[in-house]
Amino acid sequence: MSINQNQSIMLKRFFILCSGVDSDIVYTCSNGEQNKYAGIGATVFFTAVMAFIAGSYALFTVFDNVYSAVFFGIIWGLLIFNLDRFIVSTIKKRDHFLDEFIQATPRIVLAIIIAIVISKPLEIKIFQKEINTVLLKEKNEMAMLNKKQVTNYFKSDVDKNKTETDSLKSAISKKEKEVTSLYQSYITEAEGTAGTKKMGKGPIYKEKRAAYDLAAKQLDSIQLNNSKIIAIKEATAKTLQADLDKKVTETQPIIDGFDGLMARINALDKLPWLPSFFIMLLFLAIETSPIIAKLLSPRGEFDFKQEDAEMGIKNVMAQNRYQSDLQKKTDAEIYDKVYADIKNDKELYDYKKKGALELLKLQADGFVEKQKKSN
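The model shown is predicted, which means the values in this text are computed figures rather than measured ones.

## What to know about the overall build of the protein chain
- A tally of regular secondary structure across the protein chain gives 11 helices and zero strands.
- When the elements of the protein chain are put in sequence order from the N terminus, they spell out α-α-α-α-α-α-α-α-α-α-α.
- Against the 2.2 N^0.38 benchmark of 21 Å for 375 residues, the protein chain shows a C-alpha radius of gyration of 50 Å, more extended than a compact globule.
- Overall size of the protein chain, expressed as C-alpha extent along the three principal axes, is 165 × 105 × 40 Å.
- Taken across its 375 residues, the protein chain has 27% of its residues classed as buried.
- Relative to all contacts within the protein chain whose residues are 6 or more apart in sequence, the contacts with residues 24 or more apart total 75%.
- For the protein chain, the accessible surface area stands at approximately 25,600 Å², while carbon and sulfur atoms represent 63% of it.
- Measuring between centres, the 53 positive side-chain charges of the protein chain sit 8 Å from its 47 negative side-chain charges.

## Some remarks on the nonpolar core
- With 18 residues, the main nonpolar core has Ile118, Phe127, Ile131, Leu268 and Leu271 as its most contacted residues.
- Elements represented by at least two residues in this core include exactly helix H3 (31-63), helix H5 (97-126), helix H6 (128-191), helix H8 (261-269) and helix H9 (273-296).
- Counting residues per element, this core draws most heavily on H5, at four residues.
- Among all residues touching isoleucine 131, those that are not within four sequence positions of it are Ile124, Arg264, Ala267, Leu268 and Leu271.

## Digging into H5
- An ideal rise of 1.5 Å per residue puts 44 Å on 30 residues; H5 reaches only 38 Å between its terminal C-alpha atoms.
- Bending of H5 peaks at approximately 45° at the position of threonine 105, with proline proline 106 no more than four residues after it.

## Quick look at the environment of glutamine 128
- Relative to the assigned elements, glutamine 128 resides in helix H6.
- A sequence separation of 139 residues divides glutamine 128 from alanine 267, and the C-alpha atoms of the two residues are 9.9 Å apart.
- With sequence-adjacent residues up to four places away left out, glutamine 128 is seen in contact with Tyr57 and Arg264.

## A few points about the packing of aromatic side chains
- Applying the stated criterion across every chain yields a total of eight aromatic pairs.
- For the ring pair phenylalanine 15 and phenylalanine 46, a centre distance of 6.2 Å and an interplane angle of 45° mean the geometry is tilted. Of this pair, phenylalanine 15 sits in helix H1 (residues 3-19) while phenylalanine 46 sits in helix H3, and the two are 31 residues apart along the sequence.
- Exposure remark for phenylalanine 15: the relative accessible area of 12% places this residue in the buried category.
- For phenylalanine 46, a relative accessible area of 46% translates into the label partly exposed.
- Where phenylalanine 45 meets phenylalanine 46, the ring centres are 5.2 Å apart and the plane angle is 75°; that geometry is what we call edge-to-face.
- Taken together, the ring pairs connect Phe14, Phe15, Phe45 and Phe46 into an aromatic cluster.
- Stacked on the ring of tyrosine 27, the Lys or Arg arginine 13 has its end atom at 4.5 Å from the ring centre.

## Observations regarding the packing of H5 against H9
- In contact at an axis separation of 7 Å, H5 and H9 are set at 150° when each is read in the N-to-C sense. Crossing of H5 against H9: the hand is right-handed.
- Residue classes in the contact of H5 with H9 are distributed as 18 nonpolar, three polar and four charged.

Thresholds, definitions, all that
- Residues numbered from 1 in each chain as written.
- Predicted model: local features only at pLDDT ≥ 70, side-chain atom pairs only at ≥ 80, totals over all residues.
- Heavy atoms only, no water.
- Helix = DSSP H or I, 4+ residues; strand = E, 2+ residues; numbered from the N terminus.
- Rg over C-alpha atoms; globule rule 2.2 N^0.38 Å.
- Buried < 20%, exposed > 50% of the residue type's maximum accessible area, 1.4 Å probe, protein only.
- Contact = heavy atoms within 4.5 Å.
- Areas by Shrake-Rupley, 256 points an atom, 1.4 Å probe, with all protein chains shown as cover.
- Lys, Arg positive; Asp, Glu negative; His and termini not counted.
- Charge placed at Lys NZ, Arg CZ, Asp CG, Glu CD.
- Core = buried A, V, L, I, M, F, W, Y, C linked by side-chain atoms within 4.5 Å.
- Expected span 1.5 Å × (residues − 1).
- Bend = angle between axes of the 7 residues up to and from the residue.
- Phe/Tyr/Trp six-rings, centres within 6.5 Å; stacked < 30°, edge-to-face > 60°.
- Lys NZ or Arg CZ within 6 Å of the ring centre and 35° of its normal.
- Axes fitted to C-alpha atoms, helices over the stretch in contact; angles between N-to-C directions.
- Left-handed = near helix turned anticlockwise from the far one by under 90°.
- Nonpolar A, V, L, I, M, F, W, Y, C, P; charged D, E, K, R; others polar.

This is how it looks when you write it as structure tokens:
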């Protein structure tokens, strides 16, 4: 036998093992019957492989670690393999298709759930570019909203600081305009172009000059005091802006990390549903194909031999149960007869009477003793 034939036989045996079929029975069947169950086992195996890939990718988006994702992906693949193998192995062919379908209904429902769970991570991988586009748009919106919320948080302090600064600057500006006006007033008075229109430095000029000098001193004082306060306010404004920028910077990594499994599933739901639906149908067809194949295939040699083996076991169990019931009934009849025979035995009657009298005497003596103690 060639190496290729040995490999083919080993591969077929492996897939038959995957199908969960009774190997003691199937290997006594024809080659065609063995190939049928090898095909069912291959479907179970490759469904578990797809589950491993899907589970590994899904867990990679959670743990962001290849080794952890592969480890838990293997566990998930083995779990799906065991479930599929159990589902296929527990479906037995019957004479009526409706009975078979009713028997397989819970298993079909379970297969649908497994198909949906397996397909979702692979859909996320297939539509990764489109999902990234949706996530980028959502991240930008979240960044803008976050900046707006942080700005609103600091708004009251910023506005108050700005109002106070503007008020101080306005006071200086107002005083400067007043000083300029007084300066023009006493100059024009001296030139004789306004006021009394008498050239020279008369009493009116001196009054206006004194008013100007006083206002100029007040301006110097206001500028000195307000400039110090304005410098503090401007420093405070810079601090508030720095705190605002720091808060936005600190929260940005949280927004940048918004690409986990749940975020990608939600982003997938925002894409057109038809491509995702067909991918889910594909996995549903793969997952339910072993069950459908068993339901649609006619009863074969393996099914008859399995039914014959089960019938033999049922017959043995029925015989054992019948013999046990018969033995129980026979023993009961024998004991009924034995007790009926000894019922009228004089010696046994006297012995039982003697024991009963002794017991009654002991009970009476005990009652008397209790009465004496209570008195």
